[in-house]
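# Chains, contacts and geometry: an overview
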Amino acid sequence: MSKVLRINMEDLSHKWQNVKPAHKTYAGRAFTSTILSEEVDPTCHPLREQNKIVISPGLLAGTLAPSSGRLSVGAKSPLTGGIKEANAGGLTGTRLGNLGVRGIIIEGAPKNSKDWYSILVGKDKCEILKTNQYAGIGLYDLIGKVWKDHPTKPGIIGCGVAGQRLLENAGVFGNNIENSDPGRYAGRGGLGAVFGSKRIVAVISDGKGGSRPEAKDQEKFDEARKTFVKSLNAHAVTGKLKDDKGEPYGGLKNYGTNILLNILSEAGGLPTRGFRSGRFDKAAKISGEAVHDLVDKTKAKFGDKAEGKYAHACHPGCVMACSNIVPYEETGKQHVSPLEYETAWSLGANLGIGILHDVAELNRLCNDIGLDTIEAGNTIAMFMEAGIIPFGDGPKAIALLKKAYDEDSVEGRLVSSGAQTAGKTLGVTRIPSVKGQALPAYDPRPIKGIGVTYATSTMGADHTAGYTIAAEILGIKGKVTDPRDLKKAELSQAFQATTAYIDSTGYCLFIAFCILDDDDGFNAMKTTVDSFLGEDIDVTSYGKDVLKKEREFNKKAGFTEADDRLPEFFKTEPLPPHNVVFDVPDEELDAVFKGF
Amino acid sequence: MISMIVNVKLYATLRKLAPKNVQIGEAFPLDLDSPTVNGVLHKLGIGEEQAKIIMVNGTRVTKFDHELHANDTVVIFPPVGGG
Ligand code: SF4
């Protein structure tokens, strides 16, 4: 039986509760968004005691279903002022799944406390520990200390110094399987600062004594998950590392998500130097192919001592394994893990930086300080846009980001506060944000469907909310559409609803590349969920139900249709090389959620 | 049969079919016997299912019989995904 753990940080108490019957099919994003919409006043201050943090492993986390161990974290977002769900891999989803924890709800905040706390969750137990020694330090240090203090290889999530200082671009970090990097981020929306506001540094999940969650129809579940693994392994995007001839086969395993950098650049949709061009002349140097070659090169040079990797899994049981470990070229030792596409873009192409080492270093700093990389790159771009440091200067960008360690540095605080705050403070008028959250790695001018998602998503500009890129650029589920074809609303709505469902199951969103292409894979995936719950779940209506609650929350928080818009410069500044603007009419944007 | 030179870029799992020492993102010249996208695929031994995304001079083309001209740049991607 799954349980809900409710923690009150005001009096440092906790209680275990049963999952409400009405919530029995909810997990992951469906759980976090439902609890927030039922329990949190949408108008509350996100960094004061009325906000709540909701943590929920996906429905299938801890089972043997492939790539199903994702964890959702939700709260009212300090960055957007709206509802937020961010999800990530790492160990915590699996651990909580095994412990039978459907969700953790953290409410209240200690009054006038100078102390820092961590929450230790285990089999039928919860302790709120005073852990001042975990505060004020880098996160690489922190995860090492936690594993030393708790030698059962626990999952860890929480906030770094940025979150402890309540800065709006603080992400929620997570340790990886090896505990070598805190880089598994539920990054977006500043949820790390909500942890900080409740004086929590870490939530530590000790899986000891846990067990695999059982499906209602275990036989059917097992059969379906095996079929699903076959589908994933066979697909050219999600598939195995090498083909029968030993040649590289699966795109994600070989090159990670950063396989996209070159294609977006070639397609003219890669935002470069602060969204001024759609092509980056140094894209190849920081691409997934470049990381693949660097890993191979350092392996050949350093043999067993080489720590670089591709086909690296972010959580136990991921078969697609898109993660990587980027090595230092000179030593072969780990520099950062993972370097994903969005990050290579935000800290690379978007800043005009084409040196892999510098991009990896910026990524490592974000992981250590506790920042979301997408927002951090956009924020540094504001400093460049304002002329404080030049575009393309890696060492200066690194020096700027390092100021974030210094509690007394105003620049350090600003660089941790997101693109909108930094841009406005620095007098920038081209701030690429929607609902306060900065855009990710696809320019909405040549790729208009993703622009519709950015504008209308409940999350602020978020590519994962409705990843129309799959259809628009990658040719998955339908052909690439003519850029002048404006009927993007339907596409975006369909993707947004399906995504909300996937975000609730525990499955990694990247299964979409396979299931959108392969009906057997889709059916097997759906069967795992249905047989687990013993109920037939309709994918689209389940997803729409989640979106409806999120829209409702945002409406009560004060959002209107006027917030479902892209910044003006996307409509007026043509993007080279295709020289197009974002010209989807407002009515079309509003049509996405008409009738919701 | 007239021969004609175009420039080709191969990415991701297709890179193995480019001549050795060609850098990532670097175009290499290819002498074609037949001036179409198909001619390029045929010459390099790329199956149609592997050539998921094809761009000619920066514009996506979807027809394998798309006609090419001398010095065109042809970029070919296998199925890719990420995000
Ligand atoms: S595909 Fe990548 S992001 Fe998704 S679960 Fe696997 S390793 Fe993690």
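The following paragraphs examine the structure supplied in this document. (Residues numbered from 1 in each chain as written. Chains lettered and ligands numbered in written order. Predicted model: local features only at pLDDT ≥ 70, side-chain atom pairs only at ≥ 80, totals over all residues. Heavy atoms only, no water.)

## A short note on the side chain of A:Thr505
Test applied: Think of it this way: any DSSP run of H or I at least four residues long counts as a helix, any run of E at least two long counts as a strand, and we number them from the N terminus. Contact criterion: two residues are considered in contact whenever any of their non-hydrogen atoms come within 4.5 Å of each other.
By the element assignment, A:Thr505 lies in helix H18 (residues 489–505). In contact with A:Thr505, not counting residues within four places along its chain, are A:Gly58, A:Leu59, A:Leu60, A:Ser68 and A:Val529.

## As for unusual backbone geometry
A cis amide bond links A:Ser337 with the next residue in sequence, A:Pro338, at an omega value of -10°. Within the fold, A:Pro338 resides in the loop between strand S14 (334–336) and helix H10 (341–346). Residues A:Pro576 and A:Pro577 are joined by a peptide bond in cis, for which omega reads 5°. Within the secondary structure, A:Pro577 sits in the loop between helix H22 (569–572) and helix H23 (586–591). Even without a glycine there, the phi angle at A:Asp124 is positive, about 55°. Here A:Asp124 is to be found in the loop between strand S7 (117–122) and strand S8 (125–130). With phi around 75°, B:Asn21 is a residue other than glycine that occupies positive phi space. Looking at the secondary structure, you find B:Asn21 in the loop between strand S1 (4–10) and strand S2 (28–32).

## A look at the pairing of strand S11 (residues 200–205) of chain A
Consecutive side chains of a regular strand alternate in pointing toward one face of the sheet and then the other. Residues and elements named next belong to chain A. Selection rule: The cut-offs for exposure are 20% and 50% of the maximum accessible area for each residue type, with area from a 1.4 Å probe on protein chains only; residues under the lower value are buried, those over the upper are exposed, and the others partly exposed. In this description, strands pair whenever DSSP reports at least two bridges between them.
S11 sits mainly inside the fold: six of its six residues count as buried. Note: S7 against S11, five bridges, orientation parallel. Pairing of Leu120 across the sheet is with Ile204, part of S11. Across four bridges, the pairing between strand S9 (residues 155–158) and S11 is antiparallel. Following the sheet pairing, Ile156 is matched in S11 by Ile204.

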